[in-house]
Amino acid sequence: MKILIIDDQQLVLLSLEKSLTDLGYEVISADNVVDAIEKYDAIQPNLVIVDINMSGENEGDEFPSGLEVVKHIKQTRRDKTPVMVLSGNTDEEIIIKGFDLGIDDYMKKPLSLSEIGARVKRLIGVNSESTLADNNDFDAKTRFIQNKCIGVVIPCYNEEKRLLSDEFREFAHKNLGYHLCFVNDGSKDKTLEVLQELVKGYEDHISVYDCEKNGGKAEAVRLGMLHLAKQSQFDYIGFLDADLSTDFEDFNDLASTISNSKYKMVFGSRITRMGADIEKESARAIISKTINFIIRKTLGMEIKDTQCGAKIMTKDVIENTFKNKFITKWLFDVEIFMRMKKVYGAKETKDLILEQPLKRWIHADGSKLSMKDSIKIVGQIGHIAIHYRN
């Protein structure tokens, strides 16, 4: 039996294609409306799975996005081919339009591969060459396609030992809407070799961007963000420290917040409070408070923690604030806010960003700046203030 899957995000297409192929179905994929209609007419599939949010080819179309495919099948051709809509769209009017056109099923992201398999089985039956065992096991039930596709930049400099953790692969395996891009910042140890091994078997969800020369964390993050921003499939792109001081659970919360809001940037904040596991060295905590006070005065914004290494943002923020090198090595986070103020205006920037408290943050030995470096930061803040004054 043939299944045509249609989505403009490669992460979704590849995950669905592998899952359904493993179940014994013949899978054909398309990433745009025109190609989808041409393939449908040519192969006459037994089932069509389409994302309702597909980009339309023409402005002002009566039916938005992927519903053009549904209209072609159900109204133009008057075929009875079952159509399953898979989408993160919660607009009731659009969903009703889909059912009015004749869709047979609607699945709201996020959803597990096992649920998709079960719905496919209900609509067209079990392929004779498969027992659907793969789709009923625990692994399929714990692997999810998110409602948005998100790229995550992870800068690495001499992180050989940290990268041996299974957390990265486990996260990529279970969260199919994510792509982890590790930026090797001219490491002198075996970081690159470890990363290359990490990618094996996960090429669709993990990649390596190699910088031959060490340019510092700021440049590693900048180049990684620009690299992912060139790919159309990502709805949002963020960055996370390789030591996972901020863990994936908290980062996923940041992603959930931005995808359900109009914010252009959501960033973590290491605020000590009840119910949160925030560990800081006492001496560093005092210095941090002093530095944060100076940063707030420089920015003119009451941000409690600019330096948390977990932020997620829209592509236009990246395009507007990452195109030029940052002037400081470690305070590029502060520069991002400064550049946003120049682009969007001070008042508008405050409305476009959200500081979200983390549930957990653990200081990782050897991963942070020394006391001496912390003192130098004050001078760098002054440099920033002068550079972005006009």
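Just so it is clear, the model here is predicted, and its values are computed rather than measured. (Residues numbered from 1 in each chain as written. Predicted model: local features only at pLDDT ≥ 70, side-chain atom pairs only at ≥ 80, totals over all residues. Heavy atoms only, no water.)

### Focus: the packing of helix H3 (residues 67-76) against helix H4 (residues 92-101)
Axis separation between H3 and H4 bottoms out at 9 Å; the angle between their running directions is 20°. Overall, the two elements H3 and H4 adopt an arrangement that is roughly parallel. In the packing of H3 onto H4, the handedness of the crossing is left-handed. Facing H3, whose interface residues are Leu67, Val70, Lys71, Lys74 and Gln75, H4 presents Ile94, Lys97, Gly98 and Leu101. Of the residues in the contact of H3 with H4, the class split is four nonpolar, two polar and three charged. (Axes fitted to C-alpha atoms, helices over the stretch in contact; angles between N-to-C directions. Helix = DSSP H or I, 4+ residues; strand = E, 2+ residues; numbered from the N terminus. Parallel < 35°, antiparallel > 145°, perpendicular 65-115°, else oblique. Left-handed = near helix turned anticlockwise from the far one by under 90°. Contact = heavy atoms within 4.5 Å. Nonpolar A, V, L, I, M, F, W, Y, C, P; charged D, E, K, R; others polar.)

### Some points on empty space enclosed by the protein
Applying the stated criterion across every chain yields a total of one cavity of 30 Å³ or more. Space inside the largest cavity adds up to approximately 40 Å³. Contributing to the lining of the largest cavity are Ile5, Ile6, Asp7, Val12, Leu13, Leu16, Ile49, Val50, Asp51 and Leu86. It is helix H1 (residues 10-22) that contributes the most residues to the lining of the largest cavity, three residues altogether. When grouped by side-chain class, the residues that make up the lining of the largest cavity number eight nonpolar, no polar and two charged. (1 Å grid on protein atoms, 1.4 Å probe; cavity = no way out; pocket = protein on both sides within 12 Å on 5 of 7 lines; lining within 4 Å. Points joined across faces, edges and corners; volume = space filled by probe spheres on them.)

### Examining the sheet that holds strand S12 (residues 265-269)
A sheet is described by the order of its strands in space; here seven strands give the open sequence S10-S9-S8-S11-S14-S12-S15, paired in mixed fashion. Sheet topology places strand S10 (206-211) and strand S15 (353-357) at the edges, where each strand pairs with a single neighbour. Averaged over all neighbouring strand pairs, the angle between strand axes comes to 20°, with direction disregarded. Taken together, the six bridges between strand S9 (residues 178-185) and S10 define a ladder with parallel strand orientation. Bridging from a neighbouring strand, Val183 pairs with Tyr209 of S10. Helix H8 (residues 167-174) rests against strand S8 (150-156), S9 and S10 of the sheet, and its axis sits at about 150° to S9. On top of the sheet, helix H10 (residues 216-229) reaches S8, S9, S10, strand S11 (236-240) and strand S14 (310-313); it is set at about 155° to S8, its chief contact. (Pairing = 2+ DSSP bridges.)

### Quick word on the pattern of salt bridges
By the definition in use, this model includes 22 salt bridges. For the salt bridge of Glu219 with Arg222, the shortest nitrogen-to-oxygen distance reads 2.9 Å. Note that Glu219 and Arg222 are positioned in helix H10 at a spacing of three residues, about one turn of the helix. Take Glu219 and Arg222: they sit in the same class, and that class is buried. Among the ionic pairs, Arg296 bridges to Glu302, the shortest N-O distance being 3.5 Å. Residue classification places Glu302 among the exposed residues on the basis of a relative accessible area of 61%. Salt bridges sharing partners connect three or more residues here, namely Asp105, Glu115, Arg119 and Arg122. (Salt bridge = Lys/Arg side-chain N within 4 Å of Asp/Glu carboxyl O. Buried < 20%, exposed > 50% of the residue type's maximum accessible area, 1.4 Å probe, protein only.)

These figures capture arrangement, not role.
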